[in-house]
Amino acid sequence: MTWRSPLALVRDALQGQRARERELRSLVSNLPYEGLEKGKQPNRFFLSNAIKTTKYSLLLFLPMNLYEQFHRLANLYFVGLAILNFIPVVNAFQPEVALIPICVIMLLTALKDGWEDFRRYQSDRKVNNTPCFVYSRREKQYVERRWKDVRVGDFVQVVSNEIVPADLLLLYSSDPNGVCHIETANLDGETNLKQRIVVSGLWNLGFEPESFNSTVVCERPNSNLNHFKCFVEKPDKDKVGASIESLLLRGCTVRNTNHAVGFVVYAGHETKAMLNNNGSRYKRSKLEQKLNVDVFFCLILLFAMCLIGAFGHYLWLESLPGVPSFLVPDSNGHLDVPSLESFYMFFTMIILLQILIPISLYVSIELVKVGQIFFITNDIDLYDEETDSRVQCRALNITEDLGQIEYVFSDKTGTLTENKMVFRRCSVMGTEYPHKENGHQPARRTTAWQKAQKQGGSECTQRCGLQQSTGMKTTHQKLLQQISRAESSGGRRDGNRSFDPHLDFFLALAICNTVVVSAENAHRQRVSLLQLTRNPLETFSSLVKKAGAFFQSNKRNRTLSEDPVIDSAKTEDEADANRLRTCSLHAPSQNGSTIVEAEELCYEAESPDEAALVYAARAYGFILLARTPDSVTVRLPSGEDLVFEVLDTLTFDSNRKRMSVLVRHPVTKDYVLYTKGADYSIMELLGTPYAENFSGTEKNIAADTQYHLDCYAKEGLRTLCITKKVVSESTCQSWLGERKRAQAAMECREELITQTAVQLETNLTLLGATGIEDRLQEKVPDTIVALREAGIHVWVLTGDKPETAVNIGYACRLLEEEDLKLLFFFQVTCTAILDCTLEEVRRYRDDPRNAGTTQNISLVIDGDTLDMAKSPDLQERFVELTKHCRSVLCCRVTPLQKSAVVKLVREKLKVMTLAVGDGANDVNMIQAADVGIGISGQEGMQAVMASDFAISRFKHLKKLVLVHGHWCYTRLANMIIYFFYKNVAYVNLLFWYQFFCGFTATTMIDYWLMIFFNLFFTSTPPIMFGIFDKDVSVEVLQGVPELYRTGQGKGEYNFLTFWISILDAFYQSLVCFFIPYLAYQDSDVDLFTFGTPLNTAALFTILLHLGIEIKSWTLVHWIIMLGSVALYFIVTLAYTATCVTCNPPSNPYWILQNQMADPMFYLIVTLCTVVALLPRYTFHVLKNSVAPSPLLQGRQLDRMDPSTRDQWIKEWRGFRGGAPAKRYELSDPPSPTLETPVDFFPEFLPDSNFMGDDLSLNVITESRQRAVHT
């Protein structure tokens, strides 16, 4: 290795930093420089592919871990006191002994950190040494290398079912169409396969890495998994743009592609996967913040007691007539003055009374939370058999926040609903065709998990195997006849068919999507990337699982998607006969030679909506057979296969609310743009539906279609408009040129691409509309009702139309018929309306006749009005209004608006918020809330990966919050209060003795026993209390949700309960000290003989105090409590029998043995314990008898016979009006094309409120309707 000067090394480091910080990077192939030293490599400034996720090294572990632990103020505090004890003038004990408690705590923490880091080291080593294939110019072939040896600028070959080692720009694929299929489950949890295409203009059938002489220019690494800016500059300076569609991300798995070759653009820690690897989320819970405040109060109390001790010592020295013999002067024969002695005594008292701050509390809290999370994750009621998934706790330190939730913000699609779409209605050229039967009789299916257990099928079939056999249950006969007439009216190739709108409508359904076509002929294995980190809970859980926990290991965590179009199922015989087969996504060739039979196809879509439309088109004979980057093959009802050349795909985005596909029609050779999207984004592109320049037929079609869309929305259906546009050849070529330049741009690429899409999507021709039903999940109404009864305000934030949103609101019982409903839509005079509404609400609240009653107010607001209400001058009034609403429904809101609403409510009202969602558009909302819940649904796992907790169904939220949340909060709150009580009670025994020893910091208890008292004798019972105690049973907490309110707001752990416990600790310490003092007064007992019964009485008092607080005794409680007592006597007897001079000059030899032979010892211990606990016990008896709390009444219900208890809860709920929630079933309204009006939607919601600019606020009650117009 060539020696280099330090100056050269520094220069290279600075150059490397500047190169990595540039906005654009220019990368070239490493092959011409193979074998040269590193200093001559062109890409040497960029990171290698080796990763290191460990925190420590072997040599630096101790100093780095100590440095990290000293970031905790508590550790710094106790170490400081231990060091202070080494100063002779202020020490209270042997200096070495004072270090023991903090050393034990820090040693345990260091061992835990070291074990975690060692696991990370093992994982890093395994990942870094994974083999891969890199091209070598010397060998003229791909040679095996390790991941850690891959460099930016290398050419890497990946084969099927292999994990991608670095971020690769795709340059070649064995697929004849230049496609590579990947699975991104290791990154975002999505199991649907995604297509990646070779960079345009670079792909050929004979790719040779050595011939690649272009320059790759890409953006600086970032964590965005959905965006990538890059272009390839050829030697002739021609630039070819590349996007995320051509990037293979590290951690993805190649599927159904024999092999592919990529150019390494990012490696190691600069890859998008590593930039997104942030480990477990850390949040500070509300309880932890309150705990820190109380620790500060204890510090104040400690300093006050030390000041008293210092001042008392000064007064005692001043009162002495002379110099007593026990005051030993220094070597010079000099005695310090009383003022200086009292100053030293202040620090000595701090050392003596230091355990007033509970040193083991923080460790105990961590242990309790691990135990609580273990029981949450292993709750069988939170397990979903269909998806073989259970609840995940991704944030390990906010379990108690689940018990203090006051506001819940929920998405609708996929969160409240199944996100399994059923094709219910369609409108073609102004004629409506209902498909009512598709919405009835839910399918009875065998889940993927059950089939896999029986047959061991592959995961691909789990997702699409059941979709391939049924199509739709019913089709509309008139629509079929219309298609048949259109098919038969033209010849084989006369071109007339392409102009029939009915054919175009279903062609648009089959073509305008990103659905991947699958055929069942190739095996698809499952490869998972090693986890780079493992938190303590995962390690703990793995050990428990190995011992035989609740669930079987190695279950496959995959979701079976039901047929998105129809809910019919095969019989059991058919299901058994149709054995699970595996899928291949190798696209059929355009010449049709490998086109598989339609019955063997299955479709994998990024969203259930797309799959529903493709299956609907298939049901009418328009079968999507194949999709490549450049073509789409569709089979017509006549059996003819048409291959459409795909010129470009304008993907969906949240601003345009639509997607389009530009194709060349194989029959007419026209350039056709098929578009589908939200009705309000499509209709405005047609021009005004009633514009004068429309012909009569077009005007009627637009008006009729709009009417049908409104009716679909009132039924709660998801609506889409379908359009087409014929583009001239000159316009198309010009537009394609602009599109290519936009895709190659590095600055403002997204804006330029959006502009080109908007430029083409104009003057569209309306073909029709679709209505897709998305059913509510099971027990959603019951869950929402329970949350509201628990005092939780429920908000639903959705992008749907107001009509659809309100309909779903009634179906899920977010809105009730008896509610006072406030409807806010786009208003110019929003200020006046807010003032008017608030005045009415305040008038009701201030009316003495309404004392003790609350208004059931529900608010419905759209996105535009929400933006106005959030403005600085209106947000205070808006938040005050929502505070009085028990439910709020926000419709047509964007993902950014969702997160902004959560932040607004959380910051203005200072309340605990919870957000729940299932898709990528819910991530911002989930992260903005105090507690984020992700649902592992049909839209991938982005929401789960950004969440604190993950569940599989919305109904699980009820038990997670109302039961586990309540338990976690009450257990932890009571445990923390008990810890403070325990330490204050024990330390005060030492403090009271100072009044009788001149405040000289003398102790009447051996210091080793003092250490053991808090470290061993009384440490385990409160931990078991925090893990196992149940104040109320599951059945009562779910049956009476009102009990949850005890934890909201200040909850059980508040200023009053804290100081009551502290005062009780002072009283009990007085009793435990002065009863032995009075018993031994004027006797000749020695110091430790006086302290031993006092220490024993304190032990029994503290443990029995906990016994009073325990609500449900289990075998674990009995073992731990009795074991603590037995441990105390065994250790103390052994210590006093063997230790003569362990802590000189004191001598504890045979003290407890002599005491246990004296009846006075038992009398003192019994009397102290009874008198100390009598006030608390009496208080509990009187309180529970005179004014029992709701939780006590819940415990009384637990003592009833189960049938009697269930009947009582049922009658109580009936009295409260909490009738069982109805299952969400939409009735079948008459067809909108008939003269019968559609009255399914509530009368109080006129269309003008949604579609026009009327300035209106509707305030509706059950008995009357009134409107305030401005």
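Residues numbered from 1 in each chain as written. Predicted model: local features only at pLDDT ≥ 70, side-chain atom pairs only at ≥ 80, totals over all residues. Heavy atoms only, no water.

- An unreviewed UniProt entry lists the protein chain under the name Phospholipid-transporting ATPase, with Poecilia latipinna given as the organism.
- In its Cofactor (unreviewed entry) section, the UniProt record describing the protein chain reads: "Mg(2+)". (UniProt positions renumbered as here; feature names shortened; annotations may be inferred.)

**What to know about the overall build of the protein chain**
Consideration 1: Of regular secondary structure, the protein chain possesses 41 helices and 35 strands.
Consideration 2: Across the 1270 residues that make up the protein chain, the buried fraction comes to 56%.
Consideration 3: Sequence separation of 24 or more characterises 77% of the internal contacts of the protein chain that already satisfy a separation of 6 or more.
Consideration 4: When the accessible surface of the protein chain is totalled, it reaches about 53,900 Å², and 56% of it is carbon and sulfur. (Helix = DSSP H or I, 4+ residues; strand = E, 2+ residues; numbered from the N terminus. Buried < 20%, exposed > 50% of the residue type's maximum accessible area, 1.4 Å probe, protein only. Contact = heavy atoms within 4.5 Å. Areas by Shrake-Rupley, 256 points an atom, 1.4 Å probe, with all protein chains shown as cover.)

**Observations regarding the environment of Ala 943**
Consideration 1: Its location among the elements puts Ala 943 in helix H29 (residues 942–945).
Consideration 2: Judged by its relative accessible area of 0%, Ala 943 falls in the buried class.
Consideration 3: Separated by 27 residues in sequence, Ala 943 and Val 916 have C-alpha atoms that sit 8.6 Å apart.
Consideration 4: Setting aside its immediate chain neighbours within four residues, Ala 943 contacts Gly 917, Asp 918, Gly 919, Val 923, Ile 926 and Gly 934.

**Section: the sheet that holds strand S7 (residues 194–197)**
Within a sheet, adjacent strands bond to each other through the backbone by hydrogen bonds, running parallel or antiparallel.
Consideration 1: The strand order across the open sheet built from three strands is S7-S6-S12, with neighbouring strands paired in antiparallel fashion. A strand with exactly one partner marks an edge of an open sheet, and here the two such strands are S7 and strand S12 (253–255). The average angle at which neighbouring strand axes cross in this sheet is 45 degrees, direction not considered.
Consideration 2: Pairing geometry for strand S6 (residues 179–183) and S7, over four bridges, is antiparallel. Among the inter-strand pairings, Cys 180 is bridged to a residue of S7, identified as Arg 196. (Pairing = 2+ DSSP bridges. Axes fitted to C-alpha atoms, helices over the stretch in contact; angles between N-to-C directions.)

**Overview of the pairing of strand S15 (residues 407–410)**
Consideration 1: Taking every second residue as pointing to the same face, both faces of S15 are buried, with Tyr 407 and Phe 409 on one and Val 408 and Ser 410 on the other.
Consideration 2: Note: S15 against strand S27 (residues 793–797), four bridges, orientation parallel. Residue pairing across strands places Val 408 opposite Val 794, the latter belonging to S27.
Consideration 3: For S15 and strand S31 (residues 913–917), the ladder comprises four bridges, and the chain directions are parallel. Within S31, the residue paired with Val 408 across the bridge is Leu 914.

**A short note on the sheet that holds strand S23 (residues 658–664)**
Consideration 1: One open sheet holds the nine strands; their spatial order is S17-S16-S26-S25-S24-S23-S22-S21-S20, and the pairing between them is antiparallel. A single partner strand is all that each edge strand has here, and the edge strands are strand S17 (431–434) and strand S20 (623–627). Across the sheet, the axes of successive neighbouring strands diverge by a mean angle of 30 degrees, strand direction being ignored.
Consideration 2: Judged from the four bridges that link them, strand S16 (residues 417–428) and S17 form a sheet pairing that is antiparallel. Opposite Cys 426, over in S17, you have Tyr 433 as the bridge partner.

**What to know about the side chain of Thr 1092**
Consideration 1: Looking at the element boundaries, Thr 1092 is found in helix H35 (residues 1087–1109).
Consideration 2: On the accessibility criterion, Thr 1092 (13% relative accessible area) is buried.
Consideration 3: Filtering out sequence-adjacent residues up to four positions away, Thr 1092 remains in contact with Tyr 1128, Ile 1151, Leu 1152, Gln 1155 and Phe 1161.

**Re the packing of aromatic side chains**
Consideration 1: Applying the stated criterion across every chain yields a total of 53 aromatic pairs.
Consideration 2: The interplanar angle of 75 degrees and the centroid separation of 5.6 Å between the aromatic rings of Phe 155 and Phe 212 together place this pair among those described as edge-to-face. One end of the pair, Phe 155, is in strand S4 (residues 155–159); the other, Phe 212, is in the loop between S7 and strand S8 (215–219), with 57 residues separating them in the sequence.
Consideration 3: Judged by relative accessible area, which is 1%, Phe 155 ranks as buried. (Phe/Tyr/Trp six-rings, centres within 6.5 Å; stacked < 30°, edge-to-face > 60°.)

**What about unusual backbone geometry?**
Consideration 1: Its identity is not glycine, yet Lys 237 carries a phi of approximately 70 degrees, on the positive side.
Consideration 2: One can find Lys 237 in the loop between strand S9 (230–233) and strand S10 (239–242).
Consideration 3: Positioned with a positive phi, Lys 657 is a non-glycine residue whose angle comes to about 60 degrees.
Consideration 4: Relative to the helices and strands, Lys 657 resides in the loop between strand S22 (641–650) and S23.

**Overview of the pattern of salt bridges**
Consideration 1: Counting across every chain of the model gives 41 salt bridges.
Consideration 2: Lys 958 is paired through a salt bridge with Asp 782; the nearest N and O atoms lie 3.1 Å apart. Of this pair, Lys 958 sits in helix H30 (residues 956–994) while Asp 782 sits in helix H22 (residues 780–789); the two residues are 176 residues apart in sequence, bridging distant segments of the chain.
Consideration 3: By relative accessible area, Asp 782 is classed as partly exposed at 24%.
Consideration 4: What emerges from the salt-bridge pattern is a single network uniting Lys 112, Asp 113 and Glu 116. (Salt bridge = Lys/Arg side-chain N within 4 Å of Asp/Glu carboxyl O.)

**Observations regarding the environment of Val 1125**
Consideration 1: If you trace the backbone, Val 1125 turns up in helix H36 (residues 1115–1138).
Consideration 2: By relative accessible area, which is 19% here, Val 1125 ends up buried.
Consideration 3: Considered as a pair, Val 1125 and Phe 1017 are 108 residues apart in the sequence and their alpha carbons are 7.3 Å apart.
Consideration 4: Setting aside chain neighbours within four positions, we find Val 1125 in contact with Leu 1099, Phe 1100 and Leu 1103.

**Comments concerning the pairing of strand S1 (residues 24–27)**
Consideration 1: Burial along S1 is one-sided: the residues Arg 25 and Leu 27 are buried and none of Leu 24 and Ser 26 is.
Consideration 2: Two strands pair when backbone bridges link them, and S1 and S8 are joined in this way by four bridges, in the antiparallel orientation. Among the inter-strand pairings, Ser 26 is bridged to a residue of S8, identified as Val 217.

**Things to note about a nonpolar patch on the surface**
Consideration 1: Judged by side-chain polarity, Leu 62, Leu 66, Phe 70, Leu 73 and Leu 76 come together as a nonpolar surface patch covering roughly 470 Å² of accessible area.
Consideration 2: For Leu 62, the location among the structural elements is in helix H2 (residues 61–69).
Consideration 3: Given the relative accessible area of 56%, Leu 62 is considered exposed. (Patch = residues over 30% accessible without salt bridge, like charges linked within 9 Å, V, L, I, M, F, W, Y side chains within 5 Å.)

**Examining the nonpolar core**
Consideration 1: Counting 101 residues, the largest nonpolar core has Leu 353, Ile 976, Phe 980, Met 1004 and Tyr 1053 as the members making the most contacts within it.
Consideration 2: Contact partners of Leu 353, with chain neighbours within four places excluded, come to Leu 302, Met 305, Cys 306, Val 987, Leu 990 and Phe 991.
Consideration 3: Grouped together as the second largest cluster of nonpolar side chains are 55 residues, Leu 31, Val 134, Leu 171 and Leu 247 included. (Core = buried A, V, L, I, M, F, W, Y, C linked by side-chain atoms within 4.5 Å.)

**Some words on helix H32 (residues 1020–1028)**
Consideration 1: Burial runs high along H32: seven of the nine residues are buried.
Consideration 2: Listed in full, the buried residues belonging to H32 are Pro 1021, Pro 1022, Ile 1023, Met 1024, Phe 1025, Gly 1026 and Ile 1027.
Consideration 3: Against the buried residues of H32 lie helix H10 (361–377), H30, helix H31 (1007–1017), H35 and H36.

**Points about the packing of H10 against H32**
Consideration 1: Close contact between H10 and H32 brings their axes to 8 Å; oriented N to C, the two are set at 30 degrees. Relative to H32, the element H10 lies roughly parallel. When you trace H10 past H32, the crossing you get is right-handed. On the side of H10, the interface is formed by Ser 364, Leu 367, Val 368, Gly 371, Gln 372 and Phe 375, while H32 contributes Ile 1023, Gly 1026, Ile 1027 and Phe 1028.
Consideration 2: Residues of the contact of H10 with H32, tallied by class, amount to six nonpolar, four polar and no charged. (Parallel < 35°, antiparallel > 145°, perpendicular 65-115°, else oblique. Left-handed = near helix turned anticlockwise from the far one by under 90°. Nonpolar A, V, L, I, M, F, W, Y, C, P; charged D, E, K, R; others polar.)

**Thoughts on the confidence of the model for the protein chain**
Consideration 1: Taken over all residues, the pLDDT of the protein chain has a mean of 80, while the share at 70 or more is 81%.
Consideration 2: The low-confidence segment residues 440–471 (pLDDT under 50) makes 104 contacts with residues lying over four places distant or belonging to another chain.
Consideration 3: This model gives residues 688–694 a pLDDT under 50, and the stretch forms 10 contacts once residues within four places in sequence are excluded. (pLDDT = per-residue confidence, 0-100.)

**So, helix H38 (residues 1159–1186)**
Consideration 1: When the terminal C-alpha atoms of H38 are compared, their 40 Å separation across 28 residues agrees well with the 40 Å that a helix rising 1.5 Å per residue should span.
Consideration 2: The sharpest bend along H38 measures roughly 40 degrees and falls at Leu 1174, with the proline Pro 1175 sitting one to four residues further on.
Consideration 3: For H38, the full list of buried residues reads Phe 1161, Ile 1164, Val 1165, Cys 1168, Thr 1169, Ala 1172, Leu 1173 and Arg 1176.
Consideration 4: The elements touched by buried residues of H38 are helix H34 (1055–1079), H35 and helix H37 (1151–1156).
Consideration 5: One side-chain oxygen of the residue at the start of H38 lies 3.1 Å from the amide nitrogen of Met 1160, identifying that residue as Asp 1158. (Expected span 1.5 Å × (residues − 1). Bend = angle between axes of the 7 residues up to and from the residue. Polar contact = N/O pair within 3.5 Å; in protein donor to acceptor, adjacent residues only side chain to side chain.)

**Considerations on the environment of Cys 732**
Consideration 1: Looking at where Cys 732 falls in the secondary structure, it is placed in helix H20 (residues 729–744).
Consideration 2: Considering only alpha carbons, one finds Cys 732 and Leu 760, 28 residues apart in sequence, at a separation of 8.9 Å.
Consideration 3: With residues near it in sequence (within four places) discarded, Cys 732 still touches Leu 647, Leu 662, Tyr 671 and Val 727.

**Description of the packing of H10 against H30**
Consideration 1: Running from N to C, H10 and H30 cross one another at 160 degrees; their axes reach a closest spacing of 11 Å. By the angle between their directions, the pair H10 and H30 is classed as roughly antiparallel. The two elements H10 and H30 cross, and the hand of that crossing is right-handed. Across the interface between the two elements, Leu 361, Ser 364, Ile 365, Val 368, Lys 369, Gln 372, Phe 375 and Ile 376 from H10 touch Leu 960, His 964, Cys 968, Arg 971, Leu 972, Met 975, Ile 976, Phe 979 and Phe 980 from H30.
Consideration 2: Residues that form the contact of H10 with H30 fall into these classes: 12 nonpolar, three polar and two charged.

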